[in-house]
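Structural description and commentary
Residues per chain, in single letters:
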Amino acid sequence: MAAVSVCTRVPRGLLLARAGPGISVLAAAPSVLQQNRQVHHSLIPHGRSGRSSVSGIVATVFGATGFLGRYVVNRLGRIGSQVIIPYRCDQYDLMYLRPMGDLGQLLFLEWDCKDKDSIRRAVEHSNVVINLVGKEWETKNFGFEDEFVNIPRSIAQISREAGVKTFVHISHLNASMKSPSKYLRKKAVGEKAVREEFPDAIILKPSEMFGREDQFLNHYANMRWFGGVPLISLGKKTVKQPVYVVDVAKAIINAIKDPDAKGKTYALAGLIARFFEMNPFEPWLTRDKVDRFHTTDMKFPDLPGLEDLGIEPTPLEQKAIEVLRRHRRFRWLDAELEEAKPAKTCPV
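This write-up is about the structure you can find in this document. This is a predicted model, so every value here is computed, not measured. (Residues numbered from 1 in each chain as written. Predicted model: local features only at pLDDT ≥ 70, side-chain atom pairs only at ≥ 80, totals over all residues. Heavy atoms only, no water.)

1. A few points about helix H8 (residues 316-324)
Spelled out, the test is: Relative accessible area decides the class of each residue, using a 1.4 Å probe on protein chains only: under 20% of the type maximum gives buried, over 50% gives exposed, and in between gives partly exposed. Every helix listed is a DSSP run of H or I at least four residues long, and every strand listed is a run of E at least two residues long, numbered separately from the N terminus. An arc is given here, and it is the one of the directions from the helix axis to the C-beta atoms.
Here H8 has its buried residues at Leu 316, Lys 319, Ala 320 and Val 323. One face of H8 carries all of its buried residues, which in axial projection span an arc of 125°. Looking at H8, the residues exposed on the side facing more than 90 degrees away from the buried face are Glu 317 and Gln 318.

Here it is in structure tokens:
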């Protein structure tokens, strides 16, 4: 007897269980296995384009509260996607994400990254899972092994078991087992672990990202408080290809929409720019980050890039002023009152 697959419509309120005051979660929803995965109305595209429409994408974004995460959530929200946001932070750190989607389209779920049942609840109703989990330094609770290997492996494994169609993993352009940076070595191990658990995963390898909230341009600009920026060898020993964070967010959305992107690895690099080496002045700067910033960005001519996803790289020179403008030191702020020029009146 031939097997028959039955798709039933899930009641509208199924995804909106309550697990406490002010927190919408999926905890009360029944477990969904790959064999009898149900079709929710959020998976059926309808309505006009925009935040009030339904794109058919139900995406779980791990690491949504980070630098890249806010841009990814915004891009998903503006095309009418339902976004499930697992979080480990304070609720006040989620406030800037709430206006990014239409009413009921953003679901916040408190999760424990070491609890597989918690991960399963976050992905069981999604057809897209995006892993942005990461940190630039190790803590006593989470090392690079946890952030870049163990957690991505668990998410990829559970996503495959839950029947998720598209899995996107963010790595790094310079991820290599031969790197002097432990951060980059663990990124390379994480790529392999994700590929083993989810063979059709889309792996994106962006270089250092710049944007308004970055720790790249802002990091160098903040060094002016320590007497200036050191230029070792005139900055000619390190070649960087920084990529605009908005371009990376667009690449993630385009990769989700492209059925041919599954199983591929993309190298997302911007235009070449030369940068100086750095000195560990700031307290949050680690020796591993110094090694990472001293590493010249690798080139992968055999891998597809931003252009293959229909995105033209944004030059650093075009957007740098948006980040660095607030670091300007205006001379008139330090001027004496009698030295200030009188304001000119405008004729009415």
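Text resumes after the structure shown.
2. Examining the nonpolar core
Keep this limit in mind: For this analysis, a nonpolar core means a set of buried residues of the types Ala, Val, Leu, Ile, Met, Phe, Trp, Tyr and Cys, connected via side-chain atoms within 4.5 Å. Two residues form a contact once any of their heavy atoms are found within 4.5 Å.
Core analysis: the largest hydrophobic core is formed by 49 residues, its most contacted members being Leu 68, Leu 76, Ile 130 and Ile 252. Beyond its immediate chain neighbours, meaning those up to four positions away, Leu 68 contacts Leu 132, Ile 170, Met 209, Val 245, Val 248, Ala 249 and Ile 252. The next biggest cluster of nonpolar side chains, apart from the first, holds 20 residues, and it includes Phe 62, Val 123, Ile 158 and Ala 201.

3. With respect to the layout of surface pockets
Definition in use: Buried and open spaces are told apart on a 1 Å grid over the protein atoms alone, a cavity being a set of points where a 1.4 Å probe fits but cannot get out and a pocket being an open set with protein on both sides within 12 Å along at least five of seven lines. Residues with an atom within 4 Å of a point are the lining residues. Grid points are joined across faces, edges and corners, and a volume is the space filled by probe spheres set on the points. Residues are grouped as follows: Ala, Val, Leu, Ile, Met, Phe, Trp, Tyr, Cys and Pro are nonpolar; Asp, Glu, Lys and Arg are charged; every other residue, Gly included, is polar.
One number sums up the size of the largest pocket: a volume of about 990 Å³. Around the largest pocket, the lining comprises 38 residues; the ones closest to its centre are Gly 66, Phe 67, Leu 132, Gly 134 and Lys 135. Where the lining of the largest pocket is concerned, the elements lending two or more residues are helix H1 (67-78), strand S4 (82-87), helix H3 (144-161), helix H4 (182-197) and helix H7 (287-293). Per-element tally for the lining of the largest pocket: the top contributor is H1, with four residues. Taken together, the residues that form the lining of the largest pocket break down as 18 nonpolar, 10 polar and 10 charged.

4. Description of the sheet that holds strand S5 (residues 106-110)
So the rule is basically this: If DSSP finds at least two bridges between two strands, the strands pair. Note on method: axes are straight lines fitted to C-alpha atoms, helices fitted across the in-contact stretch only, with angles between N-to-C directions ranging 0 to 180 degrees.
Judged by pairing direction, the sheet is parallel, and its seven strands sit side by side in the order S5-S4-S3-S6-S7-S8-S12 without closing on themselves. Only two strands of the sheet have a single neighbouring strand rather than two, namely S5 and strand S12 (265-268). The average angle at which neighbouring strand axes cross in this sheet is 20°, direction not considered. Note: strand S8 (residues 202-206) against S12, four bridges, orientation parallel. Each bridged residue has a counterpart across the sheet, and for Leu 204 the counterpart in S12 is Tyr 266. Sheet strands in contact with H1 are strand S3 (58-62), S4, S5, strand S6 (128-131) and strand S7 (166-170), and its direction is about 155° off that of S4.

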